[in-house]
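Observations on the model geometry
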Amino acid sequence: MEVKISPTYEALSKQAAEFVAELLNAKPNAVLGLATGSSPIGLYRELVRMHKDEGLDFSQVTTFNLDEYVGLPAEHPQSYHYFMYENLFKHINVPKEHIHIPSGTTKNYRAFCQWYENRIKECGGIDMQVLGIGSDGHIAFNEPTSSLASRTRLKTLARQTIEDNARFFDRAEEVPIYAITMGVGTILEARHLLLVANGENKADAVAKMIEGPVTSMITASALQLHPHAKVFIDDAAASKLTMREYYDWIQAKKPGAPRF
Ligand code: GLP
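The present account deals with the structure reproduced in this document.

Scoring rules and cut-offs
- Residues numbered from 1 in each chain as written.
- Predicted model: local features only at pLDDT ≥ 70, side-chain atom pairs only at ≥ 80, totals over all residues.
- Heavy atoms only, no water.
- Helix = DSSP H or I, 4+ residues; strand = E, 2+ residues; numbered from the N terminus.
- Rg over C-alpha atoms; globule rule 2.2 N^0.38 Å.
- Buried < 20%, exposed > 50% of the residue type's maximum accessible area, 1.4 Å probe, protein only.
- Areas by Shrake-Rupley, 256 points an atom, 1.4 Å probe, with all protein chains shown as cover.
- Lys, Arg positive; Asp, Glu negative; His and termini not counted.
- Charge placed at Lys NZ, Arg CZ, Asp CG, Glu CD.
- 1 Å grid on protein atoms, 1.4 Å probe; cavity = no way out; pocket = protein on both sides within 12 Å on 5 of 7 lines; lining within 4 Å.
- Points joined across faces, edges and corners; volume = space filled by probe spheres on them.
- Nonpolar A, V, L, I, M, F, W, Y, C, P; charged D, E, K, R; others polar.
- Near = heavy atom within 4 Å.
- Polar contact = N/O pair within 3.5 Å; in protein donor to acceptor, adjacent residues only side chain to side chain.
- Sits in = over half its atoms within 2 Å of the grid points.
- Pairing = 2+ DSSP bridges.
- Axes fitted to C-alpha atoms, helices over the stretch in contact; angles between N-to-C directions.
- Parallel < 35°, antiparallel > 145°, perpendicular 65-115°, else oblique.
- Contact = heavy atoms within 4.5 Å.
- Left-handed = near helix turned anticlockwise from the far one by under 90°.

**Focus: the overall build of the protein chain**
- On a plain count of helices and strands, the protein chain comes out with eight helices and 10 strands.
- Computed over C-alpha atoms, the radius of gyration of the protein chain comes to 17 Å, within 12% of the 18 Å expected from 2.2 N^0.38 for 260 residues, which places it in the range of a compact globule.
- In terms of principal-axis extent, the alpha carbons of the protein chain reach across some 55 × 40 × 35 Å.
- A burial count over the protein chain gives 54% of its 260 residues as buried.
- For the protein chain, the exposed area adds up to about 11,900 Å²; of that, 52% sits on carbon and sulfur atoms.
- Of the charged side chains in the protein chain, 27 are positive and 31 negative, and the gap between their average positions amounts to 4 Å.

**So, the layout of surface pockets**
- Within this model, the largest pocket holds a volume of roughly 630 Å³.
- In terms of lining, the largest pocket is formed by 32 residues, of which the most central are Thr 36, Gly 37, Ser 38, Asn 165 and Phe 168.
- Contributing elements (two or more residues each) for the lining of the largest pocket: strand S4 (67-69), helix H3 (80-87) and helix H5 (159-165).
- A total of three residues in the lining of the largest pocket trace back to one element, the largest contributor, which is H5.
- The class makeup of the residues in the lining of the largest pocket is 13 nonpolar, 14 polar and five charged.

**With respect to empty space enclosed by the protein**
- Counted by the stated rule, this structure contains one cavity of 30 Å³ or more.
- Lining the largest cavity are Leu 32, Leu 34, Leu 47, Phe 58, Val 61, Thr 63, Leu 88, Phe 89 and Ile 92.
- Across the lining of the largest cavity, the residue classes break down as eight nonpolar, one polar and no charged.

**Observations regarding the site of the ligand**
- If you check the shell around the ligand, you find 13 residues, and the closest are Ser 38, Ser 39, Asp 67, His 138 and Lys 202.
- Separating a nitrogen atom of the ligand from a side-chain N or O atom of Asp 67 is a distance of 2.8 Å.
- At 3.2 Å from a nitrogen atom of the ligand is found a main-chain nitrogen or oxygen belonging to Ala 140.
- Relative to its unbound accessible surface of 390 Å², the ligand loses 94% to contact with the protein.
- Taken atom by atom, the bulk of the ligand overlaps the largest pocket.
- Residue classes in the shell around the ligand are distributed as four nonpolar, six polar and three charged.

**Comments concerning the pairing of strand S6 (residues 128-131)**
- Of the two faces of S6, both are covered, the one formed by Met 128 and Val 130 as well as the one formed by Gln 129 and Leu 131.
- Relative to S6, strand S2 (residues 31-34) runs parallel, the two being bridged by two bridges. Directly across from Gly 33, in S6, lies its bridge partner Gln 129.
- Relative to strand S9 (residues 192-197), S6 is paired through four bridges, and the arrangement is parallel.

**Thoughts on the sheet that holds S4**
- Within the open sheet, the three strands sit side by side as S4-S8-S7. Their pairing is antiparallel. With partners counted over all chains shown, the strands left at the sheet margins are S4 and strand S7 (153-156), one partner each. The sheet shows a mean angle of 30° between the axes of neighbouring strands, direction not considered.
- Bridge count for S4 against strand S8 (residues 178-181) is three bridges, and the pairing is antiparallel. Looking at S8, one finds that Glu 68 is bridged to Ile 180.

**Examining the packing of helix H2 (residues 41-54) against H3**
- Following both chains from N to C, one finds H2 and H3 inclined at 40°, their axes separated by 10 Å at the closest point. The angle between the axes of H2 and H3 places the two elements in the oblique class. Packed against H2, whose contacting residues are Ile 41, Tyr 44 and Val 48, the element H3 presents Phe 83, Met 84 and Asn 87 at the interface.
- Grouping the amino acids of the contact of H2 with H3 by side-chain chemistry returns five nonpolar, one polar and no charged.

**Things to note about the packing of helix H1 (residues 9-26) against H2**
- Two numbers describe how H1 lies on H2: the axes approach to 8 Å, and their chain directions differ by 55°. The angle between H1 and H2 falls in the class oblique. Relative to H2, the crossing made by H1 is right-handed. When H1 is examined against H2, the residues Tyr 9, Ser 13, Lys 14, Ala 16, Ala 17, Glu 18, Val 20 and Ala 21 are found in contact with a partner set consisting of Ile 41, Gly 42, Leu 43, Glu 46, Leu 47, Arg 49 and Met 50.

Following this line, the structure appears as structure tokens:
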């Protein structure tokens, strides 16, 4: 795992966006996996800026989102459909028919999840998957004890996640308790992984993801099994790492080479 530590959220978002842009420049028809949550907002803001100021082109890009709450229609302000439209899609030129987000309102979840997995394959697999991390160490909605081989499926949310996300809803009881999520196994099949995390409340989860054992208790620790996982964090999120000096040293000495 490559660990890049920046002094600020803005700096880490910029670096992460440059990494995505590097892929799109090398492969204009790349398949991007996308995440929601507050963590990737800065990355999306920077991609939008690059699209507007530098002509970064999304016209051939295909996207797959990680997850969606069950029961929320696309137009619900807390749905991940709405989030993606507001924070990214409405500002860039990705064609509507290239966008995939799990349905929170399908009548047949099992069939939908199978279709989603097949669709990823039909599109050639995900070139780069953007990820955040939950305070309990989850990626997407793969809560503690999710199988590290799991595929896209219906998942019951952990109490901690419901409490964390309650801040976005008027009342805690409104937070859905189920979600459709890509599995850890699905995520690990992406060719590159890019995880962003900031703030002190992520420091524990980040340390366990990078330095702890690989365990389904911290599903983000599965990134250790991936050959091309890159983690962009700020000083606060890095504050519980024991090997900080080593990561800084490696980054400073790393020879520049084309990555795609
Ligand atoms: C949710 C999402 C995750 C996200 C996490 C952290 O649980 N399903 O994909 O990483 O929240 O969100 P935030 O970035 O707002 O801390």
